[in-house]
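Here is what each chain is made of, one letter per residue.
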Amino acid sequence: MIADFLHYDFLRHTLYTGLLIGIIAPLLGSFIVVRRLSLLADALSHVTLAGIAFALYIDKRWGIVAISPLYGGMIFSVIGSVLIEKLRSVYRAFQELAIPIILSGGVGLSVIFISLANGFNTDLFNYLFGSVSAVSQTDFLSILGISIFIIIVILLFYKELITLSFDEEHATVSGIHAKWIHLLFIVLTALVIAASIRIVGVLLVSALMTLPVAAAIRVSKGFKQMVIMSIIFGEFAVIIGLVTGYYLGIPPGGTIVLTAIFILIATLIYKRIRTAYKGGSSDESTRSRQYA
Amino acid sequence: MKQPAVTMHNVEYTYDRSSVLRQIDFELPRGSFMGLTGPNGGGKTTLIKLILGLLKPDKGQIHLFGQPIQTFKDWTKIGFVSQKSNAFNKGFPATVYEVVSMGLTGKLGYFKFFNKTHKEKIHTAIKSVGMEAYTNQNIGDLSGGQQQRVFIARALVSDPELLILDEPTVGVDAENVDRFYDLLKKLNQEQGITMLLVTHDTGTMTKHATDIVCLNKTLHFHGEPDDYTSLTATDLSKFYGYPVNLVEHDPDEKEELS
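Residues numbered from 1 in each chain as written. Chains lettered and ligands numbered in written order. Predicted model: local features only at pLDDT ≥ 70, side-chain atom pairs only at ≥ 80, totals over all residues. Heavy atoms only, no water.

A. Summary view of empty space enclosed by the protein. As enumerated under the stated definition, the model contains three cavities of 30 Å³ or more in all. Its boundaries defined by the atoms lining it, the largest cavity holds a volume of some 120 Å³. Together, His-170, Val-173 and Ser-174 of chain A together with Trp-75, Thr-76, Ile-78, Gly-79, Phe-80, Gly-103, Arg-154, Ala-155 and Ser-158 of chain B line the largest cavity. The set of elements that each furnish at least two residues to the lining of the largest cavity consists of helix H8 (168-173) of chain A together with strand S6 (78-81) and helix H5 (144-156) of chain B. Counting residues per element, the lining of the largest cavity draws most heavily on S6 of chain B, at three residues. (1 Å grid on protein atoms, 1.4 Å probe; cavity = no way out; pocket = protein on both sides within 12 Å on 5 of 7 lines; lining within 4 Å. Points joined across faces, edges and corners; volume = space filled by probe spheres on them. Helix = DSSP H or I, 4+ residues; strand = E, 2+ residues; numbered from the N terminus.)

B. The sheet that holds strand S3 (residues 33-37) of chain B, seen in detail. Residue and element names in this part refer to chain B. The strand order S6-S7-S8-S3-S9-S10 describes an open sheet built from six strands, whose pairing is mixed. Two strands bound the open sheet, and with one partner strand each, they are S6 and strand S10 (218-223). With strand direction ignored, the average angle separating the axes of adjacent strands in the sheet is 15°. Note: S3 against strand S8 (residues 194-198), four bridges, orientation parallel. Among the inter-strand pairings, Met-34 is bridged to a residue of S8, identified as Leu-196. Its contacts with the sheet put H5 on S6 and strand S7 (162-166), and the angle it makes with S6 is roughly 165°. Contacts between helix H6 (residues 174-190) and the sheet are confined to S3, S7 and S8, with S8 contributing the most and set at about 150° to the helix. (Pairing = 2+ DSSP bridges. Axes fitted to C-alpha atoms, helices over the stretch in contact; angles between N-to-C directions. Contact = heavy atoms within 4.5 Å.)

C. Representation of the interface of chain A and chain B within the structure. The partner chain B presents 39 residues to the 33 residues of chain A that form the contact. Approximately 3,100 Å² of surface area, both sides summed, lies buried where chain A meets chain B, with 62% of it carried by carbon and sulfur atoms. For Asp-167 of chain A, the salt bridge identified is with Arg-154 of chain B, shortest N-O distance 3.2 Å. At the boundary of chain A and chain B, one finds 10 residue pairs in polar contact (both at pLDDT 80 or more). Secondary-structure elements contributing two or more residues to the side of chain A that touches chain B are helix H7 (137-166), H8, helix H11 (223-248) and helix H13 (281-290) of chain A. Among the residues forming the side of chain A that touches chain B, the class breakdown is 15 nonpolar, 10 polar and eight charged. (Buried area = accessible area lost by both parts, 1.4 Å probe. Salt bridge = Lys/Arg side-chain N within 4 Å of Asp/Glu carboxyl O. Polar contact = N/O pair within 3.5 Å; in protein donor to acceptor, adjacent residues only side chain to side chain. Nonpolar A, V, L, I, M, F, W, Y, C, P; charged D, E, K, R; others polar.)

D. Molecular detail of the side chain of Thr-76 of chain B. Note on placement: Thr-76 of chain B falls in the loop between strand S5 (67-68) and S6. Beyond its immediate chain neighbours, meaning those up to four positions away, Thr-76 of chain B contacts Gly-106, Lys-107, Ser-158, Asp-159 and Pro-160 of chain B.

E. Molecular detail of the pairing of strand S9 (residues 211-216) of chain B. All names here are of chain B. Within S9, six of the six residues are buried, leaving the element largely enclosed by the surrounding structure. Side chains Asp-211, Val-213 and Leu-215 project from S9 onto one buried face, and the interleaved Ile-212, Cys-214 and Asn-216 project onto a second face that is buried too. Sheet analysis places S3 next to S9, joined by four bridges and oriented parallel. Among the inter-strand pairings, Thr-37 is bridged to a residue of S9, identified as Cys-214. Relative to S10, S9 runs antiparallel, the two being bridged by five bridges. Bridge pairing links Val-213 to His-222 in S10. Hairpin remark: S9 followed by S10, antiparallel, with one residue in the connecting loop; positive phi at Lys-217, about 70°. (Buried < 20%, exposed > 50% of the residue type's maximum accessible area, 1.4 Å probe, protein only.)

F. Fine view of the pattern of salt bridges. On inspection of all chains with the given rule, the structure shows 10 salt bridges over all chains. Glu-160 of chain A is the partner of Lys-159 of chain A in a salt bridge, and the nearest nitrogen-oxygen pair spans 3.1 Å. The residues Lys-159 of chain A and Glu-160 of chain A share a single accessibility class, namely buried. Ionic pairing is found between Arg-30 of chain B and Glu-161 of chain B, a salt bridge with its closest N-O pair at 3.4 Å. With Arg-30 of chain B in the loop between strand S2 (18-28) and S3 and Glu-161 of chain B in the loop between H5 and S7, this pair connects stretches of sequence that are 131 residues apart. Look at Arg-30 of chain B and you get partly exposed, because its relative accessible area is 28%.

Put into structure tokens, the structure is as follows:
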């Protein structure tokens, strides 16, 4: 089934890109989920759409490709991420306000650019729901570069990121520059989103960041194990989603996300059965209380 | 002689134009076990935050290990177990090992990875609080008392000389509170770690602390536990700013309600 993907160039680029975002999306998603920022990815993906629409608009209006949609999206997304951090510090007591502000701002801008260009028809559809045939070799190489960059940065700052995510006060007391690490993290998130949009689309990119993590968190012990499992689940969803999407002629965003949901349901059932066989988790907690 | 762990000289802190702390003069000698008590809103947590550099005083001088706080860099000498430690997200998927390893993050600094020595240190810290059987358990699956021990281990792993604990026994059931204090006492006596403990539980504190400080905007009492327990209701009412009734405790008699 996967033979076509290895045979045709355009499919091969899609597959490789898919495999890359199958790593980086759940990797960043793990930190997003534990920091309860799941909606952040949604806000940023809509800002990314504005950037893509801007790039396409310039192309259509003046017939020149000033910036490729990938980079247009990335620039907007990074700017959006910095604005979110800024807004979060302005509205200290209502930090979640930053998300709807940026999300609606992104949609608003997208609508303006799209109508100025009198619509983009199929192109836009691909950006919204992903596509199996939209990844060019240049896109693939850019995304490869971004992925390597993201993985290296995460490895370098892993201990700071997890310390900060777990307990911000403790992290600050122990001398971690919380503000800069936050900023770094949110910019990385913006890059992941921009890189993933070609495959899963604006509307579903946040799902690829959170669903594999939601499944992994139920069946793993500890953070590192959760990250590894969520990447495995992410890869599984991407491969199955791309192949079925291609053969059924459906945008891969839909099939990838549904596969991720099936994985999530499977882990929930697995956890249920395991708990039932072990005689219930309540036993475990009474035991730990006894030895407290 | 060694410099005291903390000295505060004429420290004042105001928030929203009303003073939270004023004229704070005190010294925390090394090796001591100081209990800090006082009414809610008396500024206990503020005092801790000033020592930790999370807040800046409006007036006065703070020295840590003989150095002015403005130039103090050796933050890993100070371990902190917060009141909020057990208010963390219980679903956070981190094992005991991972949580304790976070105590080394600041000490190691950026761009450094854990090596074998660090990993051994983490295991030693877990052992010193008696949690080695739970090393690979998720922190959220443990009881309140166990979690608090893990947070002590996280503070201990960077070899602090001063351990500051803000209401560490909130959410820990009564029978484990004593074990918890025994652990602190052992760390204080065997490893010579200076302890600064904020608590409402004056009964337990007077049993273990070597120094007691009572804070209500200013310092009202600084002395030994025996002097504190001999205070009368009138003295205490003065500290607290409202009438206090003392209830006689017979330590041998078991409390019915706990």
